[in-house]
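Here's the letter readout for the chains.
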Amino acid sequence: MKAWTDNKKLKQELLKGKFGIEKESLRVDARGYLAATPHLVMEEEQISRDFCESQVEFISGVHLQLHDACDEICELSALVEEKIALRREGMEFLWMYSNPPAYDGIDQIKIAEFTGAYEEKTEYRKYLAKKYGKVKMLYSGVHFNYSLPDSFFDIYKDSFAGKDKQAKKNAWYTTLADALMMDSWLIVALTAASPVAEERFLTDMEVPEEEWNTYASFRNSPYGYWNLFIPELSYADFDGYIESIKKYLATGKISSIKELYYPIRLKPKGENTLRNLEENGINHIELRMLDLNPFCCSGVERKDLIFIHLLIAYRSTQLLSMLEKEDTPVAERIIKRKLHGIFLEQVSEKERIQLHQKASRISFWEENPDCKTYASDLLAEMKQYYKEYTADQGYVPAGYDIFEVLDFEMKKIQRPECRYAFQIKEKYQQNRSAATFWVKNNPEEENN
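Per chain, residue numbering runs from 1 following the sequence as it is written. Whole-chain, interface and lining totals are the exception, using all residues; otherwise, since this is a predicted model, local features are given only for residues with pLDDT of at least 70 and side-chain atom pairs are given and counted only at 80 or more. Side-chain metrics rest on all non-hydrogen atoms present in the structure, leaving aside hydrogens and water.

K.L.:
Before we move on, can you summarise the environment of Trp185 with the specific residues and values?
P.N.:
Going along the chain from the N terminus, every DSSP run of H or I of four or more residues is numbered as a helix, and every run of E of two or more is numbered as a strand. Here Trp185 lies in helix α6 (residues 184-191). In the structure, Trp185 is positioned 171 residues away from His356 in sequence and 4.0 Å away in space, judged by C-alpha atoms.

Here it is, written out as structure tokens:
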């Protein structure tokens, strides 16, 4: 078999991609309380609502550069901010944190009202409210969507002999998603940005008082946006992945693939249904664990997104190298274990979700020195790997440097004061109420 990892063009393809961002934000009134007003209908199709009337959803288009996706989210957010600031019912703002603002009571949380052909969306949200409770549905975050260029699958042929392009995509993304699930805890630990929450919210979520100040990301914690069970998905191949989801549908544990609250999703183009995924295959990977970062108008630090893409490309190169040595076209589970060495060698599906949840703790790095060592070693390996790449290849947005990005993440591992949760708690430590540390309209700092 051809040594694909020595193929410069193939490795360059891994540093390309298509990127999209989805950002959720709650509207709040002048008091900093959850807005009770209806959704403000706008002409832009990329501005919608999620669970409730006051939860705005921003959806970027598909971009070839990460910074373009961030810029679009910023522009969409600015459009809404301008409109809601002038509402006749009273001035409103966008809440910039993953944990919800203050609210007067659960009845104030109005489920999104869709009508006509979209009425089913409202019925689905009523089902979610009954099953999980309205309060949990108030969490907001950022979803990062990524896919490789088609040219990657045109070049990479030998390991998928006899398969069409979509079959290659299905096999590759299924394998890659499993590998990235082994890194989900690392992404959480590096991007956690929701250490403070309203007392009513914590009480309604039944978080014990002794745990109120122990999480850097409540939505990734055991009290976060999870199913009532821990899904165990099969990544042996695409068919196995589909069948493992069907198992939960058949037993009634979930009503649709949309209810599968997993940190990483494999998604089809268009409507996110199991039928569409099964018939038309995987179009992209969605990473769902990113907290809203209050220091960035797009809701996410651009260096963090660049790091995630660097990590994906690095893991992809490792997969290519291992696939060369395997007898089977599609990597078995052992390949993903090899990527992470002894540290995660025997981790089960359930255990890696538990590690993901553990990484949401505000003192995670100090409580888990093995994880800290592992992460530091991984970033050092990535630095060595990326020595051959430079910013002028068109991958890294203007003004950014690969090694600057890796150093930025390394500082968060080594120094508590560089972490978002630490910065937020330090800045607002005198104020227990989220409403009192709310920054109106635009962040004071913009780490773009």
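K.L.:
Kindly report on the confidence of the model for the protein chain, identifying the contributing residues and their values.
P.N.:
Overall, the prediction assigns the protein chain a mean pLDDT of 87, with 85% of residues at 70 or greater. pLDDT under 50 marks residues 328-335. Its contacts with residues more than four places away, or in other chains, come to 24 contacts. Here residues 432-448 scores under 50 on pLDDT; set against residues more than four positions off or in separate chains, the count is 55 contacts. Per residue, pLDDT measures the predictor's confidence, with a range of 0 to 100. Residue contacts follow a heavy-atom distance rule, with two residues in contact if any of their heavy atoms lie within 4.5 Å.

K.L.:
Tell me about the pattern of salt bridges, and please be specific about residues and values.
P.N.:
Side chains that differ in charge, positive against negative, can pair when their charged atoms come close. Just to be clear on terms, a salt bridge is a Lys or Arg side-chain nitrogen sitting within 4 Å of an Asp or Glu carboxyl oxygen. Per the stated rule, a full pass over the model turns up 29 salt bridges. The shortest N-O distance in the salt bridge between Glu278 and Lys246 comes to 3.0 Å. On the criterion of sequence distance, the pair formed by Glu278 in helix α9 (residues 274-280) and Lys246 in helix α8 (residues 238-250) is long-range, its members being 32 residues apart. For every residue, the accessible area (1.4 Å probe, protein chains only) is compared with the maximum for its type, and the residue is labelled buried under 20%, exposed over 50%, or partly exposed between those bounds. Overall, Glu278 belongs to the partly exposed group, its relative accessible area being 38%.

K.L.:
Pulling in residues and values, what's your account of the pairing of strand β3 (residues 55-59)?
P.N.:
With 4 of its 5 residues buried, β3 lies for the most part within the structure. Between any two strands, at least two bridges found by DSSP are needed for them to pair. Two elements, strand β1 (residues 18-29) and β3, share 5 bridges in a ladder whose sense is antiparallel. Pairing of Glu22 across the sheet is with Ile59, part of β3. Pairing of strand β2 (residues 47-49) with β3, which is carried by 3 bridges, proceeds in the antiparallel orientation. Bridging across to β3, Ile47 finds its partner in Phe58. The loop that links β2 with its antiparallel partner β3 comprises 5 residues.

K.L.:
Residues and numbers for the pairing of β1, please.
P.N.:
In terms of burial, β1 is a largely internal element, 11 of the 12 residues being buried. Where β1 lies against strand β5 (residues 141-147), 6 bridges are found, and the strand directions are antiparallel. Each residue of the ladder has a partner; that of Phe19, found in β5, is Tyr146. Across 3 bridges, β1 lies against strand β4 (residues 92-94) in antiparallel orientation. Its bridge partner lying in β4, Asp29 is registered against Glu92.

K.L.:
Help me get a handle on the state of the cysteines, residues and values and all.
P.N.:
Disulfide: a pair of cysteine sulfur atoms within 2.5 Å of each other. Summed over all chains, the structure comprises 1 disulfide. In this model Cys74 forms its disulfide with Cys297; the gap between the sulfur atoms is 2.0 Å. Classification of the bridge connecting Cys74 and Cys297 rests on its S-S torsion, roughly 80 degrees, and on that basis the disulfide is right-handed. With Cys74 in helix α2 (residues 66-84) and Cys297 in the loop between β7 (284-291) and α10 (302-325), the pair connects residues that are 223 residues apart, well separated along the chain. Accessibility expressed as a relative area gives 14% for Cys74, which makes it buried.

K.L.:
So, the nonpolar core: which residues are in play, and what are the values?
P.N.:
Take the buried residues of types Ala, Val, Leu, Ile, Met, Phe, Trp, Tyr and Cys, join any two whose side-chain atoms come within 4.5 Å, and each joined set is a nonpolar core. Within the largest apolar cluster, 92 residues are counted, with the highest numbers of intra-cluster contacts made by Trp172, Trp185 and Phe307. Judged by nonpolar contacts, the second largest core, of 35 residues, contains Tyr103, Met137, Met205 and Val207.

K.L.:
Give a description of the packing of aromatic side chains that names residues and reports values.
P.N.:
Geometry of an aromatic ring pair is reported as the spacing of the ring centres plus the angle between the planes. Each aromatic pair joins two rings of Phe, Tyr and Trp (for Trp, the six-membered one) with centres within 6.5 Å, and gets the label stacked for planes under 30 degrees apart, edge-to-face for over 60, and tilted for any other angle. In the structure shown here, the tally under the stated rule is 20 aromatic pairs. Here the aromatic rings of Trp185 and Tyr374 are separated by 6.0 Å at their centres, their planes lie at 40 degrees, and the arrangement is tilted. Of the two residues, Trp185 is situated in helix α6 and Tyr374 in helix α14 (residues 369-385); the sequence distance between them amounts to 189 residues. For Trp185, a relative accessible area of 1% corresponds to the buried category. Grouping aromatic residues by their ring pairs yields a cluster made of Phe152, Phe153, Trp172 and Tyr173. The residue whose ring lies beneath Lys121 is Phe114, and the NZ or CZ to ring-centre distance is 5.2 Å. Two thresholds decide whether a charge sits over a ring: the Lys NZ or Arg CZ must be within 6 Å of the ring centre and within 35 degrees of the ring normal. Positioned above the aromatic ring of Tyr215 is the side chain of Arg361, whose terminal nitrogen or guanidinium carbon lies 5.9 Å from the ring centre.

K.L.:
Can you tell me about helix α16 (residues 420-427), naming the residues and giving the values?
P.N.:
Taken together, the buried positions of α16 are occupied by Tyr420, Ala421 and Ile424. Taken end-on, α16 shows its buried residues confined to a sector of 100 degrees, consistent with a single buried face. Here the arc refers to the directions that run from the helix axis out to each C-beta atom.

K.L.:
An account of the environment of Leu94 is requested, with residue identities and associated values reported.
P.N.:
Structurally, Leu94 can be placed in strand β4. Sequence-wise, Leu94 and Val28 are 66 residues apart; in three dimensions their C-alpha atoms are separated by 6.2 Å.

K.L.:
How would you explain the side chain of Ser147 if you had to name every residue and give the values?
P.N.:
Counting through the fold element by element, Ser147 comes out in strand β5. Judged by its relative accessible area of 9%, Ser147 is buried. The contact partners of Ser147, leaving out residues within four places of it in the chain, are Gly17, Lys18, Tyr173, Asn283 and His284.

K.L.:
I'd love a proper account of unusual backbone geometry, names of residues and values included.
P.N.:
The phi torsion at Glu206 lies on the positive side, around 60 degrees, for a residue other than glycine. Following the sequence through the fold, Glu206 ends up in the loop between α7 (199-204) and α8. Residue classification places Glu206 among the exposed positions, given a relative accessible area of 67%.

K.L.:
Could you give an account of the packing of α14 against helix α15 (residues 402-414), with specific residues and numbers?
P.N.:
Relative to each other, α14 and α15 sit at 170 degrees, their axes nearing to 10 Å. On the basis of their axis angle, the class for α14 and α15 is roughly antiparallel. Where α14 approaches α15, its residues Lys372, Ala375, Ser376, Leu379, Ala380, Met382 and Lys383 are matched on the opposing element by Phe403, Leu406, Asp407, Glu409, Met410, Ile413 and Gln414. Side-chain classes follow a simple rule in which Ala, Val, Leu, Ile, Met, Phe, Trp, Tyr, Cys and Pro form the nonpolar group, Asp, Glu, Lys and Arg form the charged group, and the remainder, Gly included, forms the polar group. Split by residue class, the contact of α14 with α15 holds 8 nonpolar, 2 polar and 4 charged. In this analysis, axes come from line fits to C-alpha atoms, helices being fitted only over the stretch in contact, and the angle between any two N-to-C directions falls in the range 0 to 180 degrees. Oblique is the label for any angle not under 35 degrees, not over 145, and not in the 65 to 115 range, which are roughly parallel, roughly antiparallel and roughly perpendicular in turn.

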